[in-house]
Amino acid sequence: MRTDSDIKRDVETELKWDPDIDATDIAVAVKSGVVTLTGFVRSYVHKYQAERDVKRVAGVAGVANDIEVRLPSGSERPDPEIARDAVAALKAELPYSSQNMKVVVKSGWVELEGSAEWNYQRTRAEEAVRRVKGIVGVRNLIVLKPSVAPSQIKSKIEEAFRRNAEIDANHITVEASGSEVILKGSVRSWAERQEAERAAWRAPGVTKVDNRIIISV
């Protein structure tokens, strides 16, 4: 069992190791394996990347990302400009399914509304607008509305787990009720827990994944 001080040290080292972010103004606190990030960064991409870095560290059981985005002087952009670029990015990433999505921008915050048939479309929509210059945050409110009734979800997810070298399928159980999935069991790291959730989301017809997998190190 890793101590909070061990996790804190490794998280701070991981943040400093990442050449894509400036971790100078990021503070780290750890309690019972849950990491809280505070401070500020100069773009929303950096805030998101800091969270991804933390989740790679062994022993991390959860992350509270309270980092504030403070754009450098002169980098602020009017909401209409951000909205135009976000819409363009959305159409470029999802030329067909983006017609069911809408972008709303207020004070630099981008909200994605509408619907998608597959979770990967919902995820890629957020990834597309995340890179738009001048944003300070993204709220993904896109709902999943599969056009085909899900079938054999449980067996398809279990098969996907067995194929995935990053997942120990023997320690994870899958429960499915219609289009909603519950994952239980234990894994060795946050990364493995996330990979299991990603694999479950890839199954056709899934509209919700309740990830109850615990991390045991």
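Residues numbered from 1 in each chain as written. Predicted model: local features only at pLDDT ≥ 70, side-chain atom pairs only at ≥ 80, totals over all residues. Heavy atoms only, no water.

1. Examining the side chain of Asp18
At step 1: In this fold, Asp18 is placed in the loop between helix H1 (4-17) and strand E1 (26-31).
At step 2: No salt bridge is formed by the buried Asp18; the nearest opposite charge belongs to Arg56, separated by 4.7 Å.
At step 3: One polar contact links Asp18 to Gln49, side chain to side chain, over a distance of 3.1 Å.
At step 4: Filtering out sequence-adjacent residues up to four positions away, Asp18 remains in contact with Gln49 and Asp53. (Helix = DSSP H or I, 4+ residues; strand = E, 2+ residues; numbered from the N terminus. Buried < 20%, exposed > 50% of the residue type's maximum accessible area, 1.4 Å probe, protein only. Lys, Arg positive; Asp, Glu negative; His and termini not counted. Salt bridge = Lys/Arg side-chain N within 4 Å of Asp/Glu carboxyl O. Polar contact = N/O pair within 3.5 Å; in protein donor to acceptor, adjacent residues only side chain to side chain. Contact = heavy atoms within 4.5 Å.)

2. Examining the domain arrangement of the protein
At step 1: Domain parsing of the protein yields domain 1 (2-67), domain 2 (77-142) and domain 3 (151-213).
At step 2: The centre of domain 1, based on its C-alpha atoms, is set 26 Å off from the matching centre of domain 3. (Domains from an automatic or database assignment.)

3. So, the pairing of strand E9 (residues 172-177)
At step 1: By the bridge criterion, six bridges tie E9 to strand E10 (residues 180-187) in an arrangement that is antiparallel. Paired with Ala176 across the bridge in E10 is Val181.
At step 2: Counting the residues between successive antiparallel strands, the hairpin from E9 to E10 contains two residues, one of them, Gly178, with a positive phi of roughly 65 degrees. (Pairing = 2+ DSSP bridges.)

4. Some thoughts on the packing of H1 against helix H2 (residues 44-55)
How two helices pack is summed up by the angle between their axes together with the distance between the axes.
At step 1: Contact geometry of H1 with H2 gives a least axis separation of 9 Å together with a crossing angle of 135 degrees. With respect to H2, the element H1 is oriented oblique. Considering the relative orientation of H1 and H2, their crossing is right-handed. Facing Val11, Glu14 and Leu15 of H1, the residues of H2 in contact are Ala50, Asp53 and Val54.
At step 2: Of the residues belonging to the contact of H1 with H2, the class tally is four nonpolar, no polar and two charged. (Axes fitted to C-alpha atoms, helices over the stretch in contact; angles between N-to-C directions. Parallel < 35°, antiparallel > 145°, perpendicular 65-115°, else oblique. Left-handed = near helix turned anticlockwise from the far one by under 90°. Nonpolar A, V, L, I, M, F, W, Y, C, P; charged D, E, K, R; others polar.)

5. Re the layout of surface pockets
In this approach the atoms are scanned with a rolling probe the size of a water molecule, which exposes any empty space left behind.
At step 1: In this structure, the largest pocket encloses a volume near 1,100 Å³.
At step 2: Around the largest pocket, the lining is made up of 30 residues, and of these Tyr48, Lys55, Thr123, Gln194 and Arg198 lie nearest the centre.
At step 3: For the lining of the largest pocket, the elements supplying multiple residues, two or more each, are H2, helix H4 (119-130), strand E7 (137-140) and helix H6 (190-201).
At step 4: Residue contributions to the lining of the largest pocket peak at eight residues, all from H4.
At step 5: Class assignment for the residues of the lining of the largest pocket results in nine nonpolar, six polar and 15 charged. (1 Å grid on protein atoms, 1.4 Å probe; cavity = no way out; pocket = protein on both sides within 12 Å on 5 of 7 lines; lining within 4 Å. Points joined across faces, edges and corners; volume = space filled by probe spheres on them.)

6. Observations concerning the packing of aromatic side chains
At step 1: Tallied over the full model, the rule gives one aromatic pair.
At step 2: Between Trp118 and Tyr120, the ring centres sit 6.4 Å apart and the planes meet at 50 degrees, which makes this aromatic pair tilted.
At step 3: Judged by its relative accessible area of 43%, Tyr120 falls in the partly exposed class.
At step 4: The ring centre of Tyr48 lies 3.5 Å from the NZ or CZ of Arg130, which sits over that ring.
At step 5: Here the basic side chain of Arg193 rests over the ring of Trp190, its NZ or CZ set 5.3 Å away from the ring centre. (Phe/Tyr/Trp six-rings, centres within 6.5 Å; stacked < 30°, edge-to-face > 60°. Lys NZ or Arg CZ within 6 Å of the ring centre and 35° of its normal.)

7. Focus: the environment of Gly74
At step 1: Within the fold, Gly74 resides in the loop between strand E4 (68-69) and helix H3 (79-93).
At step 2: According to the relative accessible area criterion, Gly74 is exposed, its value standing at 68%.
At step 3: Separated by 73 residues in the primary sequence, Gly74 and Met1 place their C-alpha atoms 47 Å from one another.

8. Here's the deal with empty space enclosed by the protein
At step 1: The full count for this structure, using the stated rule, is one cavity of 30 Å³ or more.
At step 2: In this structure, the largest cavity occupies an estimated 30 Å³ of space.
At step 3: If you trace the largest cavity, you find it lined by Glu117, Trp118, Asn119, Trp201, Ala203, Gly205 and Val206.
At step 4: Viewed by domain, the lining of the largest cavity spans two of them, domain 2 (77-142) and domain 3 (151-213), each represented by three or more residues.

9. A look at the pattern of salt bridges
At step 1: One pass over the full model with this rule turns up 23 salt bridges.
At step 2: In this structure, Glu51 and Lys55 form a salt bridge, with 3.0 Å as the shortest nitrogen-oxygen distance. One end of the pair is Glu51 and the other is Lys55, both in helix H2 and four residues apart, which spans about a single turn.
At step 3: Between Arg139 and Glu111 there is a salt bridge, with its nearest N and O atoms 3.6 Å apart. In this pair, Arg139 sits in strand E7 while Glu111 sits in strand E6 (residues 109-116), placing the two residues 28 residues apart along the sequence.
At step 4: A residue is classified by how much of its surface remains accessible, and Arg139, at 36% relative accessible area, is partly exposed.
At step 5: Look at Glu111 and you get partly exposed, because its relative accessible area is 22%.

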